[in-house]
Structures are given as C-alpha cells and as structure tokens.
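# A look at the structure
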Amino acid sequence: MLHRQSPSTSPNPSPHHRHTFSDTLMEEKMEIAQALISKWDVSPDSSSLYCNITNLFAADNRYEAKQYLNSIKDLQAAMQYYISHEPTSENLVLAQGLMQNAIKRLEREFYIILKSNRQHLDPESVSRASRSSFSEFEDESEDEEESRAGEDSISEVERVSMSAMEDLKAISECMISAGYGKECIKIYKNIRKSIVDEALYHLNVDSRLSFAQIQKMDWEVLEVKIKTWLNAVKVAVKTLFYGERILCDQVFSSSPAMRESCFADITREGALSLFVFPENVAKCKKAPERMFRTLDLYEAIADLWPEIESIFDLESTSAVKQQAINSLIKLGEAVRAILTEFESAISKVHSKAAVPGGGVHPLTRYVMNYVTFLTDYSGILADILADWPLPVLSSLPEAYFGSPFSDDGPINSAISTRLAWLILVMLCKLDGGAAIYKDAALSYLFLANNLQYVVNKVQKSNLKFLHGDEWIEKHEARVRQYVSNYERMGWSKVFATLPDINDNQMTTQQVTECFKSFNSSFEEAYNKQASWVVSDSKLRDQIKLSVARKLVPAYREFYEKYRQVVEKKEGIVRFAPDDLENYLSDLLFGTGGSSSHLSSSSSLSSISSSPSHSRGGRSH
C-alpha cells in the first residue's frame, strides 16, 4: 500500500508537508501503476503467474500494453515529483522498486519480440514494411483490425513486421526515457548481430579468409569464391544492411546516438569483412585471365556505391565506406596492371610455326575476343582509365591507329585509345609473324586474313562505337592493300605469260611457247594456292572475282585468237577459259581444291570430261 501521511498526526502541518492536490494525484497514479506492474511482475518473488502464460504485447493485450507504458511514464513523473518535493518519502522508494520491476518486464518483452518475430524482422520484410507509413502506437479493436485488413493492401507479413517494429520502438522510447537505454540496446545488439552474422554466413561470406589464403588459391577456386561474393554483396547491401539500418532507425528513432551505436556495432564487423575481400583479390597475381572477374568486382562495388554511402553514412561506420573505396582503388590499379601485363604478353608471343594456309592466327582471335569483352565494361573502364597516361601517339602508324579522339569526349577517348593500342601491338606482332612464310603472296594473304578478322570484330561489337567509322575505313583500306599485294605476288607470273593481244606478228612457235608458259605458270600458282585459305567468305569471293576479272578475259582473247594455230599439237592448249573460272572458284578454301594438283600430263579433253573436276558442286 502507498504510504499516506494522516492529517491528524500534525494539526498544524507546515506548508512543506501539507497534503496537496499534487500529492493526491501522484499517489493515484502510483496506485494504478502498482496494480498493473504487479500483474505483469517477472520478479522471482512475484505471486502473479499471468506473466508466464502470455506476453504483454500479444495481440489480445494491445490496450493493456499501452496502459502499461503510460503507467511507467506516470511512475517516472511521480518519482521526479517526490525527488523534488519529498525526497525522503517512502513513496519514492516504492516507486523506484516498481520501476525496476517494470523495466525487467520491458526487457523481457523486448527480447521476446525480437526473438519470436525473427522471420518478420528479417531485412527483406523490414525493407518492404518501411515503404508503408508507420502508424502511431495505438490500440485497435479486433473489428477495427479486421476492417483495416480488408482495406489495406499490405501483406500479413508486412503487417506483423510493422507491428513488431512499433512495439520495439515504443518499448525503447519508454526505457530510454526512464534512463535504461543501455539495458535496451544491449539486448538489441546481441540478438540482431547474431542475425546479421548468420545471414552473412548463409551468403557464404567467409570473414576468416585472409589475404595469405586467397593468394595461395588456384585461380579456379578463387573464381568460384568471387562469383559467390558477387551474389552475396548485392543481397548484403540492398537487403541485409539496408533492412538493418531501417530497423535501427525505426526502433531507436528517439535517440540518434543509440541508433548509430546499435547499427555500427551490429554491421561494422561483417561489412568490413565483406568489402575487404575485393581488395585482397586485387593484390593477387595480375594475370590476363583474371581481368574480367576483377572488373566484375569493381563494377559490383561501383554500382552499389550510392547504397553503401547512404547506409553507412554515420561517423561510426565510416570505416566501412573507406574499405569499399580502398577496394575500388586497388581493383582499378589491378585492372591497369593486368592491361599492362596483357600488352606485354602479346609482345612476347613468339610463334615459329606458320598458320596453315595463311589463316587467322590464334593470337588474333584471342586478343580480339579479349578486347571485345572489355567493351562490355566501358562504363567502369572510363573511370579506371580516365587518369591513366595514354600511350605516346607520335610513334603510332596512322593507318593502324586512326584518330586518337572520338566524338564522345576525352573519357571514351581514353578507352578507345587504350584498346586501339592493344590491337596495334597485336597487328605489329602479326607483321613480324608474316615473315615466317617463305612465299610473299601467302604472307600478304595472312595479313589480309587477320586484319579482316579484326575489322569484322570491330564492326560487330561495341568497338565500332569506340573506334568510329574512320578507324574502320582506314583498316579496310589496308586490307585491300594486302589483297592487292597478294594478287601481284601470287598471279603476276601468270599474267606475264599472256602476250599483248594486239601483237599480230607472233609465230606459231611463239604462240606455242606462250601456251606452254601459261600452262606451267597457272599450274604452279594453282598447286601452290590449293591449300591457302581466306576465312571470311565475302573477302574470299572478292579476291577470286578480282583475279578472275584480270585473268580470264585476257586469256579468253588469247585463246580465241590463237587456239587454232596450235590445235594440231596435242597437249599445247590445256585450259579452256571456263576451266580457269572453275579452278579459281575452287581456291582459298584451304582444302587443297576438289581435285588433285594440276600436273603437266593434264589435257583439255581429260579435264573437261573428268567427273572429278566437277568443283564439288560449287559454282563460280
């Protein structure tokens, strides 16, 4: 019972001990608080068993929960009153005892709500619920709740999540106001940190993985871990840390200091472990095959940076932001180092064996595929390469390199220049590789094949937008020059055997020698080029058409004019003009032709009638 001072014991009380209206009001508030707090008492000597049956903040006790919180506020007001007016009052001692019991109950309720609503307070549910407006902590009857459920579009999970956050917020505000904030945040930190750590564990974020361990890993193993991290970081930032920040902000909205302390202590360790992984990867071996995973790591952090900066904008979590920045810096340095290593690897390629038929070199395919894939990362490469010194342009062959600047400005120009430089290094290497071929015509065909492959790759990829039309046109012109050199070296001897058709002074012997020389030169050119190849079908047709236009009409005129002069001499005229077209159509497939090599024993009649020279069904 509350201690009341009887008026009869002091017929003339002093003003300080006069029983005032305020005394009565405080005593009434304490009586109400005592009844409610005792009902939900969790102290060992409590006679109430009700607290072991249900929770104060259960759905059936919404009104009573609100009254309970209000009674603590009233109790606190009473304590402040007695401290100011009657510091020796027994009611102050009673109020302090009641307050301790009430706080124990709130601690229990706070713990229960956090534990029992774990799945409803998961970051994803919290994130969704945050998009709905939080109502004030208020009582609703069952009918009102059912009515609102019919009108509201939010899910039941979101509703439970919102309700739990409202309860937690109400309890935290009450405890903080009563001076028990430390007890509140201790419970909160212990439970929520275990949830965050467990979530990171299930995302396969290994916080124990050191740089030394990463450095010793085989690339195949490390690549799997990188893929895992790329999936984990998106969930961690967009859902886990974001949801935790919302929950902390909501529950401890009345105390910015406690809000910051809770969020920092719960997430800092896990977030630092998460963001140090890319830095450790960046410090490992700088091998070309690691480029794209390195870019993936950089891109992931760069894309998530707005969220990282927003979520960890507190002074106590600045280390997390700094770690993310450090990882970006190290990854950017790694990308530049890998590009340098890639260029060096191209320069060090030494191929002693010629590509059969003068086809596309494996180096060309590898480099162009590599460079093409790099264009998929144009956005982040713009950041990485923007402040990296460009190669010295003065020594670059203009025909290869073209204009060093594009219409997209200096940043894209940095990407274009760097990638064009890599292509140039490769083309220069191929120029040296062409010397392996003993036949000059084949060396030019080799160069034409490889440069055409480069042009095709540029035209069919984002390189087209980086390098521009002028670059493509200059390289196409160089392909045509290579083809022209091939024709000159590969067919000039054949062209030279045909005399000036206007020369009417040729004797039978001279005509005979011309046919013999042509037969021999054509056989030699055909046999030599039977295994040569042009991979690009359009270029192949252009080359054969060009040779045919120069050779067949000239030979046809000579053939028509002088065939009868030597027709009595068997074996002198071995090719009809149509035969030349058929044989030319058979070249540059790299298959050796559809027939065996031409030989000096071949004759016009046998060639024309033999089914083995049907050109495999190909038509000119």
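An account of the accompanying structure is given in this report. (Residues numbered from 1 in each chain as written. Predicted model: local features only at pLDDT ≥ 70, side-chain atom pairs only at ≥ 80, totals over all residues. Heavy atoms only, no water.)

Before going further, it helps to examine the overall build of the protein. The secondary structure content of the protein amounts to 22 helices and 0 strands. Expressed as a percentage of its 620 residues, the buried residues of the protein come to 48%. Of the contacts made within the protein by residues no fewer than 6 positions apart, 81% connect residues no fewer than 24 positions apart. Total accessible area on the protein stands at roughly 30,500 Å², and carbon and sulfur atoms take up 50% of it. (Helix = DSSP H or I, 4+ residues; strand = E, 2+ residues; numbered from the N terminus. Buried < 20%, exposed > 50% of the residue type's maximum accessible area, 1.4 Å probe, protein only. Contact = heavy atoms within 4.5 Å. Areas by Shrake-Rupley, 256 points an atom, 1.4 Å probe, with all protein chains shown as cover.)

Mapped onto the elements, Thr364 comes out in helix H13 (residues 362-374). Ignoring any residue separated from it by four or fewer positions in sequence, one finds Thr364 in contact with Met426, Leu430, Asn450, Tyr453 and Val454.

Summed over all chains, the structure comprises 26 aromatic pairs. Here Lys283 stacks its cationic end above the ring of Phe211, 4.9 Å away from the centre of that ring. Lying across the ring of Trp388, Arg418 places its NZ or CZ 3.7 Å from the centre. (Phe/Tyr/Trp six-rings, centres within 6.5 Å; stacked < 30°, edge-to-face > 60°. Lys NZ or Arg CZ within 6 Å of the ring centre and 35° of its normal.)

On to unusual backbone geometry, then. With phi around 65°, Asn204 is a residue other than glycine that occupies positive phi space. Position of Asn204 relative to the elements: it lies in the loop between helix H7 (181-202) and helix H8 (211-216). By relative accessible area, which is 57% here, Asn204 ends up exposed.

This brings us to the packing of H7 against helix H9 (residues 219-251). A pair of packed helices is characterised by two quantities: the angle between their axes and the separation of those axes. In the contact formed by H7 and H9, the axes pass within 11 Å of each other and the chain directions differ by 170°. Relative to H9, the element H7 lies roughly antiparallel. In this structure, H7 uses Tyr188, Arg192, Val196, Ala199 and Leu200 to contact H9, whose residues at the interface are Ala236, Leu240, Phe241, Glu244, Leu247, Cys248 and Val251. Tallied by class, residues from the contact of H7 with H9 come to 10 nonpolar, no polar and 2 charged. (Axes fitted to C-alpha atoms, helices over the stretch in contact; angles between N-to-C directions. Parallel < 35°, antiparallel > 145°, perpendicular 65-115°, else oblique. Nonpolar A, V, L, I, M, F, W, Y, C, P; charged D, E, K, R; others polar.)

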